[in-house]
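Coordinate analysis (summary)
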Amino acid sequence: MNSDLLRGNLDLILLSILEARPLYGFAIIQEARERTDGYFDFKEGSLYPALHRLEGEGQLAPQFGEVGRNGKPRKYYALTDRGREVLRAKREEFRAFTGAVWRLAGG
């Protein structure tokens, strides 16, 4: 996985994963692995700061669910209306960008 490409698209990736349903951190890591045949293998040290940033920007809202192994309720991240708007815009931007790259690269 190219870390530069990941960094530039992390918000799109996380918002896309959370579009279907709220998930907690480790479940997001598993979902990313499963849906990309292991291509995306997030580390907690990079995932949680991004989730906290998106939450601070109003794109994600916390929901607390079942108790985890540590005895505390798990924090689930749910897409907000603002998050859905940002996801739509990022998808459109990504399609335009990848289309232009493919035209230049002869794809």
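Further up the page is the structure itself.
Cut-offs applied
Starting afresh in each chain, residues are numbered from 1 along the sequence in its written order. Two thresholds apply to this predicted model, a pLDDT of at least 70 for residue-level local features and 80 or more for giving and counting side-chain atom pairs, whereas whole-chain, interface and lining totals are computed over all residues. Excluding hydrogens and water, the side-chain figures rest on all heavy atoms present in the structure. By definition, any uninterrupted DSSP run of H or I lasting at least four residues is a helix, any uninterrupted run of E lasting at least two residues is a strand, and each is numbered from the N terminus. A 1.4 Å probe rolled over the protein chains alone gives each residue an accessible area, and that area as a share of the maximum for its type sets the label: buried under 20%, exposed over 50%, partly exposed in between. By definition, residues are in contact when any of their heavy atoms lie within 4.5 Å. Areas reported here follow the Shrake-Rupley algorithm with a probe of radius 1.4 Å; residue values treat only the protein chains shown as occluding. Lys and Arg are tallied as positive, Asp and Glu as negative. Neither His nor the chain termini are counted. Every charge is mapped to an atom, namely NZ of Lys, CZ of Arg, CG of Asp or CD of Glu.

**Describing the overall build of the protein chain**
Secondary structure summary: the protein chain contains four helices and three strands in total. Considering only C-alpha atoms, the protein chain reaches an extent of 55 × 30 × 20 Å along its principal axes. Burial status across the protein chain gives 34% buried among its 107 residues. Long-range contacts, defined as pairs at least 24 residues apart, comprise 50% of the intrachain contacts of the protein chain with a sequence gap of at least 6. On the protein chain, roughly 7000 Å² of surface is accessible, and the fraction owed to carbon and sulfur atoms is 52%. The centroid of the 17 positive side-chain charges in the protein chain is displaced by 1 Å from the centroid of its 15 negative side-chain charges.

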